[in-house]
Amino acid sequence: MKIVQILFIITASILVMSCNQNKEKMENTKNELETIFPKGEKGSKEFFTGNAYPTSLVEADSVYNTFIGNVYFEPGARSNWHSHPSGQILIITDGIGYHQIEGKPIEIIKKGDVVKCPPNVKHWHGASVDVGLQQLYVIPDTPKGIVKWNDPVTDEQYLSKK
Ligand code: MN
């Protein structure tokens, strides 16, 4: 066998091996979200059910009057019912989750969605049962307040999505 043929066989073998490794890697991580921002500390049981990780990214100041942060929800995790005196915008950066305004059905939210929560409207948001959620929140005009917390979302309420 010529040296060129031997080199070809070696190169082809390495390519096949690395493709198989990539395939295994993708299969192992397909249910894990791509974390863009720091995960931070686990959120308080006082405000969240399950494993949720809120992290502030922009603290409001007199120039911007805007509060921006990230929340990573593991599957099954969700916020308590709450409202925002100045409203809130959610930008979903990965995964699948739920958002519900009081008195309305749960809506599915997913990567790429932008969701507006009007001022003083009671609602909650979090991950779906099987897939986590990563979301940015944008809260304007903080002198009115950032959030008013209410009761936890019960399992019955959370699982009411058909
Ligand atoms: Mn909210």
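Residues numbered from 1 in each chain as written. Predicted model: local features only at pLDDT ≥ 70, side-chain atom pairs only at ≥ 80, totals over all residues. Heavy atoms only, no water.

Just to check I follow, could you spell out the packing of aromatic side chains for this structure?
In this description, an aromatic ring pair is defined by two values, namely the gap between the centres and the angle between the planes. In total, this model carries seven aromatic pairs according to the counting rule given. When the centroid spacing of 5.9 Å and the interplanar angle of 50° are considered together, the rings of Trp124 and Tyr158 count as tilted. Taken together, the positions of Trp124 in strand 9 (residues 123-127) and Tyr158 in helix 2 (residues 155-158) put the pair 34 residues apart, joining distant regions of the chain. Assigned by exposure class, Trp124 and Tyr158 land together as buried. Within the aromatic cluster, the residues linked to one another by ring pairs are Phe47, Phe48, Phe73 and Trp149. Positioned over the ring face of Tyr53 is Lys39, at 4.6 Å from the centre of the ring. In this arrangement the basic side chain of Arg78 is found over the ring face of Tyr158, its NZ or CZ atom lying 4.3 Å from the centre. (Phe/Tyr/Trp six-rings, centres within 6.5 Å; stacked < 30°, edge-to-face > 60°. Helix = DSSP H or I, 4+ residues; strand = E, 2+ residues; numbered from the N terminus. Buried < 20%, exposed > 50% of the residue type's maximum accessible area, 1.4 Å probe, protein only. Lys NZ or Arg CZ within 6 Å of the ring centre and 35° of its normal.)

What's the story with the nonpolar core in this structure? I'm lost.
The nonpolar side chains of soluble globular proteins are, as a tendency, buried together. Counting 15 residues, the largest nonpolar core has Phe73, Leu90, Leu133 and Tyr137 as the members making the most contacts within it. For this core, the secondary-structure elements that each account for two or more residues are strand 3 (66-73), strand 6 (88-101), strand 8 (114-117) and strand 10 (133-140). With near-sequence residues (within four places) excluded, Leu90 lies in contact with Asp113, Val114, Val115, Cys117, His125, Gln135, Leu136 and Tyr137. The next biggest cluster of nonpolar side chains, apart from the first, holds six residues, and it includes Trp81, Tyr98, Ile106 and Val153. (Core = buried A, V, L, I, M, F, W, Y, C linked by side-chain atoms within 4.5 Å. Contact = heavy atoms within 4.5 Å.)

For this particular structure, what's the right way to read the coordination of the manganese ion?
Four donors placed tetrahedrally around a metal ideally meet at 109.5 degrees, and six donors placed octahedrally ideally meet at 90 or 180 degrees. Protein-derived ligands of the manganese ion are His82 (NE2), His84 (NE2), Gln88 (OE1), His123 (NE2) and His125 (NE2), with the metal-ligand distances lying across 2.1 to 2.2 Å. Expressed as a motif, the donor residue spacing for the manganese ion is H-x1-H-x3-Q-x34-H-x1-H. By the burial criterion, His123 is buried, and His125 matches it. (Donors = N, O, S within 2.8 Å, 3.2 Å for Na, K, Ca; no water.)

Help me out: how do you make sense of the environment of Lys110 in this one?
Relative to the helices and strands, Lys110 resides in strand 7 (residues 107-110). According to the relative accessible area criterion, Lys110 is partly exposed, its value standing at 44%. Taking the C-alpha atoms as reference points, Lys110 and Gln135, 25 residues apart in sequence, are found 9.2 Å from one another. Once residues within four sequence positions are removed from consideration, Lys110 is found in contact with Ile92, Gly95 and Ile96.

So, to be careful, I would describe these as geometric facts and stop short of saying anything about function.
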